[in-house]
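Summary of the model geometry
Here's the letter readout for the chains.
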Amino acid sequence: MRWIEKQRNILDFTLGSLLRRRGKSLALLIVYSLVIFMLASVIFFTHAIKKEAAVVLEGAPEMIVQRLIAGRHDLIPKSYADTIREIKGVYAVNGRLWGYYYDPTNGANYTLMVDSDLNDTAGSIVIGKGVARNLPGDNYGAIPLKASDGSYLFLKVGGILPAESELVSADLILMSEKDFRLMFGIPDEYVTDITLQVRNPKEYTTVATKISQLLPDSRPILKEEILRTYDAVFDWRAGILIVILLGSILAFLILAWDRSAGLSVEEKHETGILKALGWETSDILLMKFWEGVAISLTSFLVGILAAYVHVFFFASGLFEPVLKGWSVLYPEFRLTPFIDGYQVATLFLLTVVPFTIATIIPAWRTATIDPDTMMRT
Amino acid sequence: MLVNPPILALLIFSALASAMLLYSCVYGIRIIKGWDIKSGSEYQLSLERRTYLISTIINYVFVFQLLSFFVFIYTADQLHTVFAGAMCAAGTLNLNEWGYRTVLLKFLTCVFSGVWLLINYVDNRGYDYPLIKKKYGLLLLIAPFALIEGVVQGLYFFGLEPDVITSCCGTLFTSENEGITAGIVSLPRLLVQGAFFGTLALTVLLGIAHLRRRILRGYPFALSSIAASAASAVAFMSVICLFFYESPLHHCPFCVLQKGYGYIGYPIYFSFLAAAVSGPAIAVLDPLNRIESLKTVVPSVRKRLIWLTLGAHSLFAGITIYEMIFSKFQLQ
Amino acid sequence: MIELKDVRKVYNAGKPSEFVALDGIDLSLEAGRVTVLKGPSGSGKTTLLSLLGCMARPTAGRIHVFGREITSLPERFLTEVRRKTFGFIFQQFQLIKGMTAIENVMIPAYPSGERRAELKARAEKLLEMLNLSHRAEANAEWLSGGEAQRVAIARALINNPAVIIADEPTAHLDTKLAREFMEIIENLNGGGMTVLIASHDPLIHESPGVDHVVTLKDGRIVSQGAFQCS
């Protein structure tokens, strides 16, 4: 087909032309790839961590009931669990004991939680990797924790939580109920919150409403709501980062415009020759189109590949702090690589589309050089 | 206000597209006022050069607008996790009054720019640019759609509030609800299927008749194709999607775009859009055959469009009929 | 074959820098003849060449090429006419550096969508005809003056034009190469090619192959007629 052959011929010429101007093309390619790299890193990271949060929260309870006093989270009486158990469709109602502990020696906040498996081994704890990293030496021995009455509890490290769970467990210390109540001085009738399951998943909202009615000082929280919050927070952070990066995108667009518009004498000359030899304006525009495709495609691939490696092998060293959130204890974990067409399409809209639009007018100016300029030089 | 990468991308693109279209309109007005193909003045030559720019701009805007249409729907779908009650794009779009309007405006912008590009293509092949003034007059009518779409999209995104509870498609697309969608969903199934297959068959027959030169004018085929597009849309929401979802009550047109259904929604939407653009385009072409300089151009373009329309309708029918036959769901 | 009626070309019309390049041009070029345009710098030779070669549109007047009026043809059609009818040889040849000789020859035919293999075969044949096969893969900047000249001629012939237009083809050549050039032109003309040359080289004016000489001054034709010995 004539049309296909024409595209091939012009593409061939375009690639040759780009190679003849290697230096100029390379500069643009590098900047373009860099811009795509930065945006892709943000997008890949956000997407992957949202997925990670969802995966991790899979094991979390569907509903938690807390008690609020004067708008603040307070201890909840065990008797509330009995009331909740009576609601139709509810099962697996359990009290949880957990809290925060601030370690002044390293400024870290630990999460202390009761694991019923440890109830027979009071004095022994299981810690997360982040906690372990903050302890001196390899043999962890016993950790001194300051109790609410000012005395110190020496708890022996019996084990370390596996790396796979690091995202949620990095700062975790699991202990027996006895040690926990001793640490924080919590009376036997109280727990921190109550977890429950509902047989029919569609009924969670109804059950939550019933609990609010039966126990007016309680606050039911759905796992679904937590996920939504995580999504919104990560999305928001990514969005803000991109807004900040808009400055560099703009600079890149100006560079693209400048490079397209500021043709060297040689480039103008070459286009003049083509026009004089019988290439029409639309043929030159076609050439410019293929030029754009070649540059965009190359930069896109390079940028995405670099971002992929950056996010999934180097844990996004450049953007981590902003995207993950501030904390002294960073869980070290590898994000599961995950890219889909949607992310690629978003990247395309953010980079290739503005680039193309920025180069339309300069390309057109070149293409509309008078064919008889060759005669007049 | 939600700020995430896809939303930013869509807003930035709309802003850029609007700017380019406004720019095109400015020159469009100049062309309408000052064009004279017989003149060899430099002003005329500069106007002729400018038409290349505007064609290029609209070409790009059209292609990117198509992409943004799908990204918008996908974004609405992805956002459903953030809003209570939303299970898919249907719920997210229902969060404020601007959601569905944005979808409609994006769709219309795609269709109008597609038709404009076709007229442009035909006009460029006439040795005296016979349609130039009408073409740019049309551009002045189309551009506002794109501009308004950008504004409405912005209003939609800026108006998204996570605290608002919305409805899931299960309640939006039922006969108990009010509005057009309820009307569509409660139409008698036999009638809907009859209309769907009937208009499709008619379109194919008229297309073949035209390609074999039994019919010369394009109007019959074009009208039939438009009717088939309308019937397809109604049939899809009313009957066909039930086979995809294997449920007698699930009428949502958006869930089919999700991963759970193998993203089959995309080829369905794509083929529907292609037919929606090419059908009316053929109707627009017919009167142009009277123009001297286009007499050799119109027939060949029309022929290619008919093939495209037939192909698009076939793809849509193929996917949907396959599902209707092989789905585990059976209509009573 | 090519007819100009009362053609006028004005640049920067309506501005202080308005310049009338050509005025009241009536000219008829017959097929199969070698026509030379002569005149001093600024006489309008180049502009006339542009108009004859469908590279520009006249401000006023009419132009017919092979019976078809091309005066108000839009660029798309004008370019097609130009590509199919004319082959151009420019002053200083204007080959694209960094491309080989054969690639330079093929360029004018790229937009017509011909299969590359066929195009290449045709280009090779042309280079062979001009004794340049051995230099087909040499880059343009490494060609000698005479070789570049012949590549430019091959390039002008790639689309099988009816007319060759040459603008000051011998301006940068020595006498020997200039004579060689005219020999090639005369050979082409012998094969039926129409040739149009703008030049102020007396060697060309006095060449026996020239059929028709048109003299320009200040944008007007001052004399035209069959070649006469001066």
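Model, not experiment: these values are computed from the prediction. (Residues numbered from 1 in each chain as written. Chains lettered and ligands numbered in written order. Predicted model: local features only at pLDDT ≥ 70, side-chain atom pairs only at ≥ 80, totals over all residues.)

Attention shifts here to the pairing of strand 6 (residues 86-89) of chain C. All names here are of chain C. Judged by which residues are buried, strand 6 turns out to be covered on both faces: Phe86 and Phe88 on one side and Gly87 and Ile89 on the other are all buried. Sheet topology note: the strand 6/strand 7 (residues 163-167) ladder contains four bridges and is parallel. Counterpart to Phe86 in the pairing with strand 7 is Val163. (Buried ≥ 20, exposed ≤ 12 C-beta atoms within 10 Å, placed from the backbone. Helix = DSSP H or I, 4+ residues; strand = E, 2+ residues; numbered from the N terminus. Pairing = 2+ DSSP bridges.)

When pLDDT is averaged across chain A, the result is 84; 92% of the residues are at 70 or more. Mean pLDDT in chain A bottoms out at helix 11 (residues 320-324) of chain A, which sits at 65, and peaks at strand 11 (residues 190-191) of chain A, which reaches 93. (pLDDT = per-residue confidence, 0-100.)

Moving on to the nonpolar core. Core analysis: the biggest nonpolar cluster contains 214 residues, and A:Leu39 and C:Val105 have the highest contact counts within it. At 14 residues, helix 2 (residues 42-78) of chain B tops the list of elements feeding residues into this core. Once residues within four sequence positions are removed from consideration, C:Val105 is found in contact with C:Ala123, C:Leu126, C:Leu127, C:Val151, C:Ala154, C:Arg155 and C:Ile158. One finds A:Tyr80, A:Leu97, A:Leu118 and A:Ile173 within the second-largest nonpolar core, a separate group that totals 29 residues. (Core = buried A, V, L, I, M, F, W, Y, C linked by C-beta atoms within 7 Å. Contact = placed C-beta atoms within 7 Å.)

On to the sheet that holds strand 4 (residues 60-65) of chain C, then. The strand order across the open sheet built from four strands is 2-1-4-5 (chain C), with neighbouring strands paired in antiparallel fashion. Taken across any chain shown, the strands that pair with only one partner, and hence form the sheet edges, are strand 2 (19-29) and strand 5 (68-69) of chain C.

Our next topic: the interface of chain C and chain B. Taken together, the contact between chain C and chain B spans 11 residues of the former and 10 residues of the latter. Sort the elements by how many residues they give to the side of chain C that touches chain B and helix 2 (residues 75-85) of chain C lands first, with three residues.

The subject of this paragraph is the environment of B:Glu161. All names here are of chain B. Mapped onto the elements, Glu161 comes out in the loop between helix 5 (132-158) and helix 6 (169-172). Take Glu161: there are 11 C-beta atoms within 10 Å of it, and that puts it in the exposed class. Counting along the chain gives 159 residues from Glu161 to Leu2, while the straight-line C-alpha distance between them is 7.8 Å.

The subject of this paragraph is the sheet that holds strand 8 (residues 142-146) of chain A. Residue and element names in this part refer to chain A. As summarised here, the arrangement of the six strands in space is 5-6-10-7-9-8, forming an open sheet in which the pairing is mixed. The outermost strands of the open sheet, each flanked by one partner alone, are strand 5 (98-103) and strand 8. Shown here is a sheet whose adjacent strand axes are inclined to one another by a mean of 35°, direction ignored. Inspection of the sheet shows strand 7 (residues 124-127) paired to strand 10 (residues 172-175) by two bridges, in the antiparallel sense. Its bridge partner being in strand 10, Ile127 is matched across the sheet by Ile173. (Axes fitted to C-alpha atoms, helices over the stretch in contact; angles between N-to-C directions.)

To continue, consider the packing of helix 10 (residues 281-312) of chain A against helix 13 (residues 352-367) of chain A. Residue and element names in this part refer to chain A. Interaxial distance between helix 10 and helix 13 falls to 10 Å at its minimum, and their mutual angle equals 150°. By the criterion of interaxial angle, the relationship of helix 10 to helix 13 is roughly antiparallel. Note on packing geometry: the crossing formed by helix 10 with helix 13 is right-handed. Note on element contacts: helix 13 touches helix 10 through Val352, Phe355, Thr356, Thr359, Ala363, Trp364, Thr366 and Ala367, opposite Thr281, Ile284, Leu285, Lys288, Gly292, Ser296 and Phe300. Class assignment of the residues belonging to the contact of helix 10 with helix 13 gives a composition of eight nonpolar, six polar and one charged. (Parallel < 35°, antiparallel > 145°, perpendicular 65-115°, else oblique. Left-handed = near helix turned anticlockwise from the far one by under 90°. Nonpolar A, V, L, I, M, F, W, Y, C, P; charged D, E, K, R; others polar.)

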